[in-house]
Amino acid sequence: MSAQVVPNNPAMEYLGHTQTASYMTGPRMNAGQTYHLPSIGTMHSSLKSFDTYPAPSPMRRSLTTLPWRPSTYYQTAKVNPGTALTRSMPDPMSGRSALNELDALKVPPVFAAARNALYTRFTPNDWASSNQGNYLASDRVRAGAERLRLDTVRMCRETDDKTKRSQTDVGKRLGERVGDITFWKTELNHETDNMISEINALNEAKRIMEKALQETENPLHISQECLYNREKRQCIDLVHDNPERELIREVDVIKRCQERMRNTIEKASVQLGLDRAAQHELETDHRDKQIAESLDTTCHGVRNVSRGMNFHNGVHRIDNTVSVPETWARFSNDNVQRSQSERAASKQMRNELESVLNACANEMWNQWNAVNVNLNNRVQESTDARNRLQTHLSKVLQEIFDMEKNIELLKKSIQDKIAPMQVAHTRLDIRTRRPNVELCRDPVQHRLVEEVGEITDTVEALQAKLRDAENALQQLLRTKSALEADLAVKNNSLFIDREKCLAMRKTFPMSPRIVSL
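How each quantity is defined
Residue positions are counted from 1 within each chain, in the order its sequence is given. Where local features are concerned, this predicted model is filtered to residues with pLDDT of at least 70; where side-chain atom pairs are given and counted, the filter is 80 or more; whole-chain, interface and lining totals use all residues. Side-chain numbers here rest on the full set of heavy atoms in the structure, without hydrogens or water. Secondary structure elements are defined from DSSP: runs of H or I of at least 4 residues count as helices, runs of E of at least 2 residues count as strands, and each element is numbered from the N terminus. Each residue is placed in one exposure class: buried if its accessible area under a 1.4 Å probe, protein chains only, is under 20% of its type's maximum, exposed if it is over 50%, and partly exposed if it falls in between. When checking whether two residues touch, look at their non-hydrogen atoms; a contact exists if any pair is within 4.5 Å. Nonpolar core, defined: a set of buried Ala, Val, Leu, Ile, Met, Phe, Trp, Tyr and Cys residues in which side-chain atoms within 4.5 Å join the residues together. Stacked, tilted and edge-to-face pairs are distinguished by plane angle, under 30 degrees for stacked and over 60 for edge-to-face with tilted covering the rest, among Phe, Tyr and Trp rings (Trp via its six-membered ring) whose centres lie within 6.5 Å. For a ring to carry a charge above it, either NZ of a lysine or CZ of an arginine must fall within 6 Å of the ring centroid while also lying within 35 degrees of the normal to the ring plane. Between the N-to-C directions of two axes lies an angle of 0 to 180 degrees, each axis being a line fitted to C-alpha atoms and, for a helix, fitted only over the stretch in contact. Between 65 and 115 degrees an angle is taken as roughly perpendicular, under 35 as roughly parallel, over 145 as roughly antiparallel, and anywhere else as oblique. Side-chain classes follow a simple rule in which Ala, Val, Leu, Ile, Met, Phe, Trp, Tyr, Cys and Pro form the nonpolar group, Asp, Glu, Lys and Arg form the charged group, and the remainder, Gly included, forms the polar group. Any carboxyl oxygen of Asp or Glu within 4 Å of a side-chain nitrogen of Lys or Arg constitutes a salt bridge here. Expected span, for any helix, means 1.5 Å times one less than how many residues it has. Note that the arc is computed from the directions linking the helix axis to the C-beta atoms. A residue counts as positive if it is Lys or Arg and as negative if it is Asp or Glu; His and the chain ends are not included.

J.: Sorry if this is basic, but what is going on with the overall build of the protein here?
T.: The helix and strand inventory of the protein stands at 10 helices and 2 strands. Shown N-terminal to C-terminal, the secondary structure of the protein runs as helices and strands in the order β-β-α-α-α-α-α-α-α-α-α-α. Per-residue burial for the protein yields a buried fraction of 27% across its 517 residues. Long-range contacts, defined here as pairs at least 24 residues apart, represent 84% of the contacts in the protein between residues at least 6 apart.

Here's what the structure looks like:
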């Protein structure tokens, strides 16, 4: 019996371990000598004992993997049985075993050592069974190790392929995700540009409306100034005529238009707030998607050989997501649809601003023209009245002149009757001094008396005419004063309506139209 050292397979050794060897005990086989396994019957008992042999601990190293230490192998293989492996036959006469009897005997120490050596020996069958069990265990362990190696290689290949497929699928999904983010970012950017343009257009329309609202103060001030000036008319010309009614209506129209403009401007301000809110949502979503696109692009570009990679323990258990692809796409779609609806409402608001401004401008323009037409008509009427007054005044003045000449004529005629009256009186007085019977009522006397009566009647008639002429002259003078006063009133009214009112109303003091945006 000799020991043979069989080196292990180098492929099965671990890198960095000391080379080990296995020992096979048995007779050295010469050249041409074959080894015969024992019979099955002989090995039956040993195989049974081998099957019940406990499996080694998986964490314990095999003896064959130990370093090159033969003493360790032999120390491990040393057996010190505690009981005898052979059983002595009992004595049929006494019922006691012969060995037991020997045990009771006091033997010398030399014989005791020989007895112990006898007890530690195994039988050849035990030795062969032990070797056969080692062979079978080695074959089984090697087969398991080989299967494990093949499974390991297969598993490594499968896991590598699976990892590559997973990594490729993740990269593909990251690319698709980046494409989706880019699409929605483009849509949000386009919608944001449209919203900014719409906000600028609405701001411009609102600015024009505010400017028009400020400009309405000019026609309102002119209308009020015209009403104030026309209050300075005098006497009979201070009437509630058509120009005054139209001016009052114009003031009401301008104030009503101003109220409509203010309400429309308030609506435009509210719509601008909604537009800016939608723009803020779009910009926030666009900024978030830009950050997400940058991060996902970075993730898509990460490779196995990339720098800056590290382990992050437990990161796969962190779930801080707040949406799924459906809700994510719906969120951006809702933002775009809200922006589109707000843009449509903003466009409608601009149309309303334009229509309100045009309607108010047309209404104020028409009322402005109506006031001007009535003022012109009133000026024409006042001019005609003034002309007629001037005509009548000239006639009255002519009549006054004629009447004054008539009065002078009457006075002269009366004055001319003094001398004939004096002549008649003198003749009668002289004839009264006739003596005696000469005092005759002759035809001369009768005629003188008639003459005095005629002259007296004539003078009285002339004086009556003179009084009538003087009264007529006074009437003419009063009429002249009335006509002159009325003429002054008409001139004042004409100055107010033509020089003050119409002079301010030559041009409409605001833009009557708005440019369509």
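Next comes the rest of the account.
J.: Teacher, can you tell me more about the nonpolar core here?
T.: Proteins that are soluble and globular tend to have nonpolar side chains buried together. Counting residues in hydrophobic clusters, the biggest one holds 37 residues, and the most contacted among them are M209, M261, L353, C360 and M364. With near-sequence residues (within four places) excluded, M209 lies in contact with M261, T264, I265, L353, V356 and L357. Of all hydrophobic cores here, the second largest spans 22 residues; its members include M403, L410, M421 and L483.

J.: Can you help me understand the environment of E451 in this one?
T.: Residue placement: E451 occurs in helix 10 (residues 443-504). The class for E451 is partly exposed, based on a relative accessible area of 23%. The spacing of E451 and H425 is 26 residues in sequence and 9.4 Å in space, taken between C-alpha atoms. The contact partners of E451, leaving out residues within four places of it in the chain, are P420, A424 and R427.

J.: Please explain the environment of R478 as it appears in this structure.
T.: By secondary structure assignment, the location of R478 is in helix 10. A residue is classified by how much of its surface remains accessible, and R478, at 46% relative accessible area, is partly exposed. Sequence separation between R478 and V396 is 82 residues, and the spatial gap between their C-alpha atoms is 9.9 Å.

J.: What is the right way to look at the packing of aromatic side chains in this model?
T.: Centre-to-centre distance and the angle between the planes together describe a pair of aromatic rings. By the definition in use, this model includes 1 aromatic pair. Taking the centre distance of 5.3 Å and the plane angle of 70 degrees together, the rings of F183 and W184 count as edge-to-face. Residue placement shows R505 over the ring face of W368; its charged tip is 3.9 Å from the ring centre.

J.: Which parts of the structure should I look at to understand the packing of helix 6 (residues 217-230) against helix 10?
T.: Geometry of a packed helix pair, given as the angle between the helix axes and the separation of the axes. Viewed as axis vectors pointing N to C, helix 6 and helix 10 meet at an angle of 170 degrees, and their least axial separation amounts to 9 Å. Classified by the angle their axes make, helix 6 and helix 10 are roughly antiparallel. Along its contact with helix 6, which presents I222, E225, C226, N229 and R230, the element helix 10 presents I496, D497, K500, C501 and M504. Among the residues making up the contact of helix 6 with helix 10, the classes are represented as 5 nonpolar, 1 polar and 4 charged.

J.: Would you mind showing me how to read the side chain of E191 here?
T.: Structurally, E191 can be placed in helix 5 (residues 124-215). If near-sequence neighbours (up to four positions away) are discounted, E191 is found in contact with L282, V336, S339, Q340 and R343.

J.: I tried to follow the pattern of salt bridges on my own but got confused; where do I start?
T.: Side-chain pairing between opposite charges can occur once the charged atoms of the two side chains come close. Under the defined criterion, the tally for this structure stands at 31 salt bridges. R256 is paired through a salt bridge with E363; the nearest N and O atoms lie 2.8 Å apart. Taken together, the residues R256 in helix 7 (residues 242-301) and E363 in helix 8 (residues 325-416) connect sequence positions 107 residues apart. With a relative accessible area of 42%, R256 lands in the partly exposed category. A salt bridge links D442 to R431, with the shortest nitrogen-to-oxygen separation between them at 2.5 Å. With a gap of 11 residues between them, D442 in the loop between helix 9 (418-431) and helix 10 and R431 in helix 9 connect regions that are remote in the sequence. R431 matches D442 in its accessibility class, with the two residues each being buried.

J.: Help me out: how do you make sense of helix 9 in this one?
T.: Think of an α-helix as 3.6 residues a turn; residues three or four steps apart then line up on the same face. The terminal C-alpha atoms of helix 9, which comprises 14 residues, lie 20 Å apart, in line with the 20 Å expected from a rise of 1.5 Å per residue. Within helix 9, the full set of buried residues consists of M421, A424, L428 and R431. Projected onto a plane normal to the axis of helix 9, the buried residues spread over an arc of 100 degrees and lie on a single side. On the buried face of helix 9, the contacting elements are helix 10.

J.: Whenever I open this one, the side chain of D275 confuses me. Can you help?
T.: Relative to the helices and strands, D275 resides in helix 7. No salt bridge is formed by the buried D275; its nearest oppositely charged neighbour, R350, is found at 7.8 Å. In this structure D275 touches M195, I199, L202, E342 and S346, once residues within four positions along its chain are discounted.

J.: Looking at this model, I keep getting lost on unusual backbone geometry. Mind explaining?
T.: Leaving glycine out, the prevailing phi sign among residues is negative, and the prevailing peptide bond configuration is trans. At C235, a position not held by glycine, the phi torsion is positive, near 50 degrees. Relative to the elements of secondary structure, C235 occurs in the loop between helix 6 and helix 7.

Everything listed here is a matter of geometry and, on its own, says nothing about what the molecule does.
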